Amino acid sequence: MLRNILWESLLVVLAGSVFALAANEISPRGLSLTRNYFPAAAGANPAVVRESPASSTNQSPAEMLVSEIKTRGLQLAVSNQVVAWFKDPRRQTQKLIFIDARNAEEYQAGHVPGAWLFDPYHPDQYFAAILPVCQAAEQIVVYCHGGDCDDSLTAAGLLQDVGIPGSKIYIYGGGMNEWPATGLPLETGAQNSGQFLKATP
Amino acid sequence: MTSPRTFSRATWRPTAGILARWVLGATYLYTGCHKALHPVDFLKLLRQYELFHSAPALDTIAALLPWFEVACGLLLVAGVAVRGTALVSLLMLVPFTTAVFHRALALKSALALPLCAVKFDCGCGTGEEFVCHKLLENFLLMGLSCWLLAGAGRKESLRYALKEDASQFL
């Protein structure tokens with residue numbers, strides 16, 4: 001009887017694995033099995049909480065993110081810089097661009113007006129659109145949610161991997177959690193949709 | 001005529017077995033579908049456990065585990081390979097519950113909170129939950145898996161229905 005159960009469970013594992021492989025392949029949200037989704041943060045995972053802080057780096061997730069930004073040769077942008085850049089006339093000529101490193105759903109719900117969507121977990125869908133813009137831009141501001149979110153760092157890492165110099169990439173650490181407090185509007189829907197939400201600090 | 005005791009034993013156990021199978025199956029279907037619809041969120045949560053240090057291992061688990069759970073849920077609800085699926089369910093629940101407990105201990109220590117006040121999204125497909133609730137829930141699921149493994153839940157099971165239909169023609 002035990003042998004039967006073991007055989008049955010082995011069959012379940014095999015059938016379940018085949019089903020899972022096929023479903024992941026068919027699903028439009030499926031993950032690649034061979035891609036490193038976190039190339040930028042190979043040395044640090046800001047979201048990890050360690051049992052004994054004394055044995056680790058003694059850094060908060062935000063501090064770990066800042067040190068990772070520096071290690072990668074990127075720059076950290078703070079709120080007042082971002083506000084100034086948003087009002088910079090270079091933004092109109094795409095010499096200064098904002099990149100939203102969240103997913104399409106979150107982007108549609110509200111993003112920095114005119115920002116380009118670049119979901120770092122599905123980069124192939126966005127590279128064709130954003131790569132020429134990034135190459136032409138003098139300054140690129142990448143953001144995600146803020147706090148311990150490192151998707152902006154992941155997106156910046158992918159841009160560096162395709163030859164965009166880190167010296168012109170700025171990570172807006174406060175991200176979308178902080179943006180409403182700047183008093184600047186939020187754009188909803190597609191890029192340049194013209195639909196805005198009033199800032200609610 | 002059957003005595004009330006015999007009657008209750010004869011009817012209660014198979015009915016409870018079916019319910020156990022459906023509850024466990026429905027749980028796997030719900031959590032599996034939730035994770036399969038948001039695989040990136042699951043990938044990020046899984047990464048926080050620091051269990052897999054190679055990217056392909058992490059990707060494979062994050063991509064396949066949700067659909068594997070859906071498959072287990074379907075098998076349990078339909079009643080195919082119930083004992084085999086119950087064993088697989090146990091083999092998934094034991095290490096995962098251990099990992100959740102270890103992460104809860106890490107958070108307890110880092111946040112200086114009592115264990116049961118620790119609340120986090122464990123990547124179980126049910127969002128943020130207090131860890132004691134989650135552990136209790138997992139122990140109940142493990143209990144159901146053990147019971148099904150012992151042979152409960154065969155009534156109304158597709159495999160046995162098919163077997164009986166086939167035997168009529170032989």
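Up top you'll find the structure we're talking about.
Residues numbered from 1 in each chain as written. Chains lettered and ligands numbered in written order. Predicted model: local features only at pLDDT ≥ 70, side-chain atom pairs only at ≥ 80, totals over all residues. Heavy atoms only, no water.

1. So, the packing of helix 2 (residues 39–47) of chain B against helix 3 (residues 55–78) of chain B
Describing two packed helices takes the angle between their axes plus the distance from one axis to the other.
All names here are of chain B.
Working step 1: Two elements in contact, helix 2 and helix 3, have axes separated by 9 Å at closest approach and are oriented at 130 degrees. Comparing their axes, helix 3 and helix 2 come out oblique. Seen along the crossing, helix 2 lies across helix 3 with a hand that is right-handed. Across the interface between the two elements, Phe42, Leu43, Leu46 and Arg47 from helix 2 touch Leu58, Asp59, Ile61, Ala62, Leu65 and Pro66 from helix 3.
Working step 2: When grouped by side-chain class, the residues that make up the contact of helix 2 with helix 3 number eight nonpolar, no polar and two charged. (Axes fitted to C-alpha atoms, helices over the stretch in contact; angles between N-to-C directions. Helix = DSSP H or I, 4+ residues; strand = E, 2+ residues; numbered from the N terminus. Parallel < 35°, antiparallel > 145°, perpendicular 65-115°, else oblique. Left-handed = near helix turned anticlockwise from the far one by under 90°. Contact = heavy atoms within 4.5 Å. Nonpolar A, V, L, I, M, F, W, Y, C, P; charged D, E, K, R; others polar.)

2. Overview of the interface of chain B and chain A
Working step 1: Each partner contributes residues to the interface: chain B has 39 residues there, and chain A has 36 residues.
Working step 2: Between chain B and chain A lies a buried interface of about 3,200 Å² when both sides are counted; carbon and sulfur atoms form 67% of it.
Working step 3: Counting the contacts that link chain B with chain A gives six residue pairs in polar contact (both at pLDDT 80 or more).
Working step 4: At the level of secondary structure, the elements contributing two or more residues to the side of chain B that touches chain A comprise helix 2, helix 3 and helix 4 (82–111) of chain B.
Working step 5: Among the residues forming the side of chain B that touches chain A, the class breakdown is 26 nonpolar, six polar and seven charged. (Buried area = accessible area lost by both parts, 1.4 Å probe. Polar contact = N/O pair within 3.5 Å; in protein donor to acceptor, adjacent residues only side chain to side chain.)

3. As for the sheet that holds strand 1 (residues 75–77) of chain A
All names here are of chain A.
Working step 1: A sheet is described by the order of its strands in space; here five strands give the open sequence 1-5-4-2-3, paired in parallel fashion. Here the strands that pair on one side only, and so sit at the sheet edges, are strand 1 and strand 3 (116–117).
Working step 2: Bridge analysis of strand 2 (residues 96–100) against strand 3 gives two bridges, and the strand direction is parallel. By the bridge assignment, isoleucine 99 is partnered in strand 3 with tryptophan 116. (Pairing = 2+ DSSP bridges.)

4. Considering helix 3 of chain B
All names here are of chain B.
Working step 1: Given a rise of 1.5 Å per residue, 24 residues ought to cover 34 Å, and the 35 Å separating the end C-alpha atoms of helix 3 matches this to within 8%.
Working step 2: Of all the bends found along helix 3, the most pronounced is centred on leucine 64 and spans about 30 degrees, while proline 66, a proline, follows it within four residues.
Working step 3: Directly beyond the C-terminal end of helix 3, a positive phi value near 85 degrees is found at glycine 79. (Expected span 1.5 Å × (residues − 1). Bend = angle between axes of the 7 residues up to and from the residue.)

5. Let's talk about unusual backbone geometry
Working step 1: Of note, the phi angle at asparagine 192 of chain A is positive, near 55 degrees, even though the residue is not glycine.
Working step 2: Within the element layout of this structure, asparagine 192 of chain A appears in the loop between strand 6 (186–187) and strand 7 (196–197).
Working step 3: The class for asparagine 192 of chain A is exposed, based on a relative accessible area of 55%.
Working step 4: With a phi angle near 55 degrees, alanine 112 of chain B is a residue other than glycine that sits in the positive phi range. (Buried < 20%, exposed > 50% of the residue type's maximum accessible area, 1.4 Å probe, protein only.)

6. Quick word on the layout of surface pockets
Working step 1: Empty space within the largest pocket amounts to approximately 1,100 Å³.
Working step 2: The wall of the largest pocket is formed by 45 residues, among which Asn103 and Glu106 of chain A together with Val40, Asp41 and Lys44 of chain B lie closest to the centre.
Working step 3: Residue assignment for the lining of the largest pocket shows that the elements contributing at least two residues are helix 4 (104–109) of chain A together with helix 1 (4–37) and helix 2 of chain B.
Working step 4: Per element, the largest residue contribution to the lining of the largest pocket is seven residues, and it comes from helix 2 of chain B. (1 Å grid on protein atoms, 1.4 Å probe; cavity = no way out; pocket = protein on both sides within 12 Å on 5 of 7 lines; lining within 4 Å. Points joined across faces, edges and corners; volume = space filled by probe spheres on them.)

7. Comments concerning the side chain of histidine 111 of chain A
All names here are of chain A.
Working step 1: If you trace the backbone, histidine 111 turns up in the loop between helix 4 and strand 3.
Working step 2: For histidine 111, a relative accessible area of 0% gives the class buried.
Working step 3: Among the polar contacts made by the side chain of histidine 111, one reaches the side chain of glutamate 187 at a distance of 2.7 Å.
Working step 4: With sequence-adjacent residues up to four places away left out, histidine 111 is seen in contact with Asp100, Arg102, Tyr143, Met176, Leu186, Glu187, Thr188, Gly189, Ala190 and Gln191.

8. Thoughts on the state of the cysteines
Working step 1: One pass over the full model with this rule turns up three disulfides over all chains.
Working step 2: Disulfide partner of cysteine 122 of chain B: cysteine 124 of chain B, at an S-S distance of 1.8 Å. Looking down the S-S bond of the cysteine 122 of chain B and cysteine 124 of chain B bridge, the torsion is -135 degrees, so its handedness is left-handed. Pair check on accessibility: cysteine 122 of chain B and cysteine 124 of chain B agree, each one buried.
Working step 3: By sequence order of its bonded cysteines, chain B has the disulfide arrangement 1-4, 2-3.
Working step 4: Residue cysteine 134 of chain A stays outside any disulfide, its sulfur separated by 16 Å from that of cysteine 144 of chain A, the closest cysteine.
Working step 5: Exposure remark for cysteine 134 of chain A: the relative accessible area of 0% places this residue in the buried category. (Disulfide = S-S within 2.5 Å.)

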